[in-house]
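Residues per chain are reported as follows:
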Amino acid sequence: MTISRARRRVGARAMALVLTPALLVGALAAGATAEDRPQAASTETDASATPSETASQLARETGEPVEVIAERDVNERVFAQPDGRFRSELSAAPRWAPQPDGSWKDIDTDLEVKPDGSVGPRTALIDVEFSGGGTDPLVAVEDSGRSAALNWPTPLPPPVLNGDTAEYRSVLPGVDLHMTAGAEGFRQILVVRTEDAADDPELAEIELTQTSEGLRIEENAAGGISVVDAVTGDSVFSGGTPLMWDSGSEARANASADADKDALREDPAEAPMPGDSHAQVALDIDADSVTLTPDPALLASVDAASLPLYIDPPLAVDKPDKSASRSFYTWANSASPATEYPNFEDDKGIGRCVGAGCGSPYVGRMYFEYNLDGWENRKIYDATFHVYETFAYNCTPSWVNLHLVDAAKLSKATNWNNKPADGNLMGDRKVAFGNEEHGCENADVAFNDNPDETNENLTATVRSKAGTGSLIAFSLRAADEDATGSWKRFKGSSGTLQIFYNTIPSKPANERTTSPTTGCVTGAARPFIRDDTPVLTVDVTDPDPHNVRSLYRVWDMLPNADDVQVYGDLWTAYKADGVMEKAIPAGNLKHGHTYHWHAQATDGIDPGPWSDWCEFSYDNTRPSTKPKVTLETTGDILSGTTPTFSFAPNGSVDPAYGNDVDRYVYGLNTDTLAASTDPATRGAAATGVGVAVPRFGLNVLSVASVDDAGNVGPVEDYVFQSGRACDDPPAEQCAVASYRLDETTGTTGADSASGTGTDLDPLTLSGGSWVAGSNSGVATDRAIRFDGTATGFGTAANLVDTRQGFTVMARAKVSDVSENRAVVSQTGANGNGFALYWSTSLGWVFGRHRDAATGTDAARAKASVPGASPVGKWVHLAGVFDPSRNSVTLYVNGIEQGSDQVIPSGDDGTTYDPTKVWHADGGFQVGRARWSGAFANPFKGDIDDIRVYPTVLGARDIDKAANSD
């Protein structure tokens, strides 16, 4: 079975498929001045322009509407207008079918013979095939690779194709079988033409066999067929209640001499009409078959005058109905109050039908429903309802009303008994079209607000419904349903809601201000800012291809008076959507005042919604006094230790905010106060502040108070003396570990540093060999040699806390510099707490990764100009991390080469707390380092005399170590 992909439309009881209209985009503003007119987003190249941009550009150039083909849906077309707006045409019936190549075709349900001999619609929205005759399945449907089929009990004759209907004639004596394709469904009708056929026992019960793959056929709650997923039970196709009816009304119409009978009566094969006798068809479904049992009483009652008899089994299937789905239309009449006519074929009548062709007198009304989901951010300018009139009782115009009805009470199960009540009048038209005998032709009837009739409010109602993304539904009825001349017929599928709109820019989001950068807050937690010209920033988006600009309004929140707008309206220039920012001009903010602001974007056609309110307090006055600094630690302070201090406001008073000290910033032996600490409460002292002292001698702890706005007060310099942790800091006994590497055999390098046994950390070696050391004058001096492969390395326990100050030294003789070569490192899971290494691009480097997570971004101290190749030469390398200076420093042969910040300064001039640097606890490494979570940079050459100190050594100490044996 070969079935092309589609979905579909109608059938007498077809049900709609959920399709949400895509957001549509538009073009250029109308009515703006030459200076203010926004330009459309760039369409310089086809590759960069969206379909909406391209259509909008062409509409502007030609002055004609241009369809945005990419935004077409099965029942909607969108047109870019020359003025930058858009026009949507929502059809009550599906009209176009998507093709695999992305194009669209008009739905055409006329049947054609497929290459495999089956019969199917030319273009539809459902995968359906009818039999080409013989034993092929009567009908087969497919969905997502799953299929189900029903088979007629006997071989079928080749069908006669009549438009959208395949006629299988005389499938039983006097009985024809009609299979009709719709855009979204199909119908099966048995046409009983003779009294003998009605009495035929074979018609009393008809058993169709079913076959399926991934689907199964079962009875649904309405008494019809459902085609469901065989595994989940989810409905894929669904049919309504099976019915049968005679042609009583048609017989009376044919017997009448009424000249208008052909225009008045309905298609007798579509559904029971007023005056027809009808009954339900019994249905029995099991795993292999579907059995249909026509009503015996109705079969027995038919006579020649009421033939043909129509039997409509439950095979008018469709995708299951879903709430808030696509648009649809239906009809109801008072003479068949329990019968539904959703998405009926051709045309139906409204008003009072009293001619013989009516079967029996009745009143008809039409209903239309449209889905405006996704329209919430669109501004509606105009709405018009169009419907095509095919017949009028005479050419004397009469009034037709379009009323709003409750969409929640309208469905494809609507009939005369449960129809929704008519609501507000949307519009009325006095028309008479479509009676050629009286000289009036068919024509479109357009319902649009008449400014002279205040009770017509179609556009306002559509605007209201679109604003909430709701369904909107209408009734089409005669204004006077008692008047014979009110009878008119309209084509239901022509019902179209035409809407002119512009998609407005979105509500600005991610509001923030600068100096310091803050988020959007209101109330007591509002931020303080110190900048006299703070920049107000929002993120703006516009679904249409327009450039946009933002309007900012700032108000002084005076406590005992009405708010006063600051400066006036602040506008940005037009540009593509994204980040929009505008500074408040200087001189407009007052110390101690609180302000609130919001922003709105416009595309030059319409403004969007205002952003949320954001507040800030303005403080341009720094703390008035130096903080009081107190040393809390008692006893001697030694280098390498971390004494504690307390910082207090010391009487600082702001004229508007009082004691507003929010935090303290400090630095040791530097003018950069990078470290920060917060007191327990605003305006209090900060206690227990630990400051690492990396060196002995005179130290200066500089401290300043900072208020909520980031204003920094005067600096207090607290001077104190620290003693030596060792009398000779670069001496081996002052190191936390020292590896002379003077062994001649084995895989262990002894730790020669002084201390207790628990302080000794031997170096475990892998893949190395023992060679002559860096001191050629001493025969016993040895070194370790690695061959540049991943198997050559040494490792020991963590030697220092890489968050504290430390110094690391080693002698190295590299034999190959074609790759990066690591001498020593202390690693984490992803990167290095420090690493001394040769870089192919930078030369000798001492660096550390800035965070533990990535293992990529690093601080690197290097020579400003890399030196000559060190291949075959012994060099003494030293690296120093000084947390008080937020720096790493490299020394080569005792000479300082360069430094780098560990935590770089922020863009706004603030600095981060260097104590936030991380501790690398993955072990001390010799001959390798980490990069992005893996060991890398294996050393090729010799390494000797490794020392690690838990303190910052000065340049003189490092020079001394480099030039001693």
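Residues numbered from 1 in each chain as written. Predicted model: local features only at pLDDT ≥ 70, side-chain atom pairs only at ≥ 80, totals over all residues. Heavy atoms only, no water.

Asks: Would you mind going over the overall build of the chain with me for this structure?
Replies: When helices and strands are counted, the chain shows 8 helices and 67 strands. Taking 965 residues into account, the globule formula puts the C-alpha radius of gyration at 30 Å, and the chain, at 44 Å, lies well above it. Each principal axis of the C-alpha distribution contributes one length, and for the chain these read about 130 × 75 × 50 Å. In the chain, which comprises 965 residues, the proportion classed as buried is 54%. (Helix = DSSP H or I, 4+ residues; strand = E, 2+ residues; numbered from the N terminus. Rg over C-alpha atoms; globule rule 2.2 N^0.38 Å. Buried < 20%, exposed > 50% of the residue type's maximum accessible area, 1.4 Å probe, protein only.)

Asks: Teacher, can you tell me more about the pairing of strand 10 (residues 146-151) here?
Replies: Consecutive side chains of a regular strand alternate in pointing toward one face of the sheet and then the other. By the criterion of burial, strand 10 is predominantly enclosed, with 5 of the 6 residues buried. Looking at chain direction, strand 9 (residues 139-143) and strand 10 are connected through 5 bridges and run antiparallel. Its bridge partner lying in strand 10, aspartate 143 is registered against arginine 146. Linking strand 9 back to strand 10 in an antiparallel pair, the connection comprises 2 residues, with serine 144 at a positive phi of about 50 degrees. Pairing between strand 10 and strand 15 (residues 206-213): 5 bridges, direction antiparallel. (Pairing = 2+ DSSP bridges.)

Asks: Explanation requested: helix 8 (residues 955-962) in the structure shown.
Replies: Buried within helix 8 are the following residues: Asp957, Ile958, Ala961 and Ala962. End-on view of helix 8: buried residues confined to an arc of 135 degrees, all on one side of the axis. Packed against the buried residues of helix 8 are strand 56 (806-814), strand 61 (875-882) and strand 62 (887-892). (Arc of directions from axis to C-beta. Contact = heavy atoms within 4.5 Å.)

Asks: I tried to follow the sheet that holds strand 44 (residues 644-648) on my own but got confused; where do I start?
Replies: Strand pairs in the sheet, formed through backbone hydrogen bonds, run parallel or antiparallel to each other. Taking strand neighbours across the sheet as the criterion, the 3 strands line up as 43-44-47 in an open arrangement whose pairing is antiparallel. Looking at the sheet topology across the chains shown, the edges are occupied by strand 43 (628-631) and strand 47 (686-690). Taking the axes of each pair of neighbouring strands and ignoring which way they run, one obtains an average angle of 30 degrees across the sheet. Inspection of the sheet shows strand 44 paired to strand 47 by 3 bridges, in the antiparallel sense. Considered in strand 47, the bridge of phenylalanine 647 is made with alanine 686. (Axes fitted to C-alpha atoms, helices over the stretch in contact; angles between N-to-C directions.)

Asks: Where do I start with the sheet that holds strand 19 (residues 243-245) in this structure?
Replies: Pairing in this open sheet of 7 strands is antiparallel, and the strands run 11-12-13-14-23-19-20 from one edge to the other. Each edge of the open sheet is held by one strand with a lone partner, namely strand 11 (160-162) and strand 20 (278-280). Taking each pair of neighbouring strands and ignoring which way they run, the sheet shows an average axis angle of 25 degrees. Of the strand pairs in this sheet, strand 19 and strand 23 (residues 309-312) are connected by 3 bridges, and their pairing is antiparallel. Bridging across to strand 23, methionine 244 finds its partner in isoleucine 311.

Geometric values such as these leave the question of function open.
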